[in-house]
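A structural walkthrough
Below, each chain spelled out in residue letters.
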Amino acid sequence: MRLTALALAMALALVGCLAPPPASERATDAARELNVATRFGRMDIAMGRTASGVRDDFMKRRTAWGGEIRIVDVELAGLSMPDSDHALIQVDYAWVRMSEGTLRSTRIAQHWETKHGEWQLAREHREAGDLGLFGEPVKLVAPPHRDAQFATKTIREQ
């Protein structure tokens, strides 16, 4: 009797290990893969996670990345799932314009959908934070140029 209970417990534990991950875990894994890949310039991986109709816009929004814009950090900040086939994932980007050197932060809302069992980015938009991450027109204010030399003073005896 004791051996049968132990065998049953082990069988149930094994079945629990073989269960597929929940939709929320698969969605966050896909979002993490896409956003980390874009941070490091691996657009081939990122494009595999975007829906075919949004790939051109996805690339246009990231044309300055790796050049004028450097992505310092990316972090998944939130997840909501209205159903098992749709997810809204918030992503925080820390970034710098190479011409300025000021650390900026932008939150992006990404809408994900499943297509044939695969999670794909369907659309995205800036939700909060600094403008310019997606190539939005921004007026840059350059600091005034100061001469690095001090004014010359001549000291003479009178």
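In this report, the structure presented in the accompanying data block is examined.

Thresholds, definitions, all that
- Residues numbered from 1 in each chain as written.
- Predicted model: local features only at pLDDT ≥ 70, side-chain atom pairs only at ≥ 80, totals over all residues.
- Heavy atoms only, no water.
- Helix = DSSP H or I, 4+ residues; strand = E, 2+ residues; numbered from the N terminus.
- Buried < 20%, exposed > 50% of the residue type's maximum accessible area, 1.4 Å probe, protein only.
- Contact = heavy atoms within 4.5 Å.
- Areas by Shrake-Rupley, 256 points an atom, 1.4 Å probe, with all protein chains shown as cover.
- Pairing = 2+ DSSP bridges.
- Core = buried A, V, L, I, M, F, W, Y, C linked by side-chain atoms within 4.5 Å.
- Phe/Tyr/Trp six-rings, centres within 6.5 Å; stacked < 30°, edge-to-face > 60°.
- Lys NZ or Arg CZ within 6 Å of the ring centre and 35° of its normal.
- Axes fitted to C-alpha atoms, helices over the stretch in contact; angles between N-to-C directions.
- Salt bridge = Lys/Arg side-chain N within 4 Å of Asp/Glu carboxyl O.

1. What to know about the overall build of the protein
Helix and strand counts for the protein stand at 4 helices and 4 strands. The secondary structure elements of the protein, listed N-terminal to C-terminal, are α-α-α-α-β-β-β-β. Scored against the burial criterion, the 158 residues of the protein give a buried share of 28%. When contacts within the protein are restricted to residue pairs at least 6 apart in sequence, long-range pairs at least 24 apart make up 50% of them. Carbon and sulfur atoms form 56% of the exposed surface of the protein, whose accessible area is close to 11100 Å².

2. Describing the pairing of strand β4 (residues 118-129)
Across 10 bridges, strand β3 (residues 103-115) lies against β4 in antiparallel orientation. Bridge assignment links Thr106 to a residue of β4, and that residue is Gly129. Hairpin connection between β3 and β4: a loop of 2 residues separates the two successive antiparallel strands, and His116 in this loop has a positive phi of roughly 55°.

3. A look at the nonpolar core
Ranked by size, the top nonpolar core spans 24 residues in total, and within it Trp65, Ile71, Ile89, Tyr93, Trp112, Trp119 and Leu133 carry the most contacts. For this core, the secondary-structure elements that each account for two or more residues are α2 (23-39), α3 (43-47), β1 (69-83), β2 (86-97), β3 and β4. Tallying contributions element by element places α2 first for this core, with 6 residues. Not counting residues up to four positions away in its chain, the partners in contact with Leu133 are Arg61, Trp65, Ile69, Ile71, Tyr93, Trp95, Thr106 and Ile108.

4. Side note on the packing of aromatic side chains
Taken as a whole and assessed by the stated rule, the structure comprises 1 aromatic pair. In this structure, Arg61 is placed above the aromatic ring of Phe134, and the distance from its NZ or CZ to the ring centre is 5.4 Å.

5. Here's the deal with the side chain of His111
With respect to the helices and strands, the residue His111 is situated in strand β3. Ignoring anything within four residues of it in the chain, the contact list for His111 reads Ala87, Leu88, Gln120, Leu121, Ala122, Arg123 and His125.

6. As for the sheet that holds β4
Read from one edge of the open sheet, 4 strands run β1-β2-β3-β4, paired in antiparallel fashion. Taken across any chain shown, the strands that pair with only one partner, and hence form the sheet edges, are β1 and β4. The average undirected angle you get between the axes of adjacent strands in this sheet is 25°. Sheet analysis places β2 next to β3, joined by 11 bridges and oriented antiparallel.

7. Things to note about the pattern of salt bridges
One pass over the structure, following the stated rule, counts 11 salt bridges. Put simply, Glu124 and Arg61 hold a salt bridge, and the shortest N to O gap is 2.9 Å. Linking Glu124 in strand β4 with Arg61 in helix α4 (residues 55-61), this pair joins segments that are 63 residues apart in sequence. Residue Glu124 shares its accessibility class with Arg61, and that shared class is buried. For Arg104, the salt bridge identified is with Glu100, shortest N-O distance 2.8 Å. Through salt bridges with shared partners, a single network forms among Arg97, Glu100, Arg104 and Asp130.

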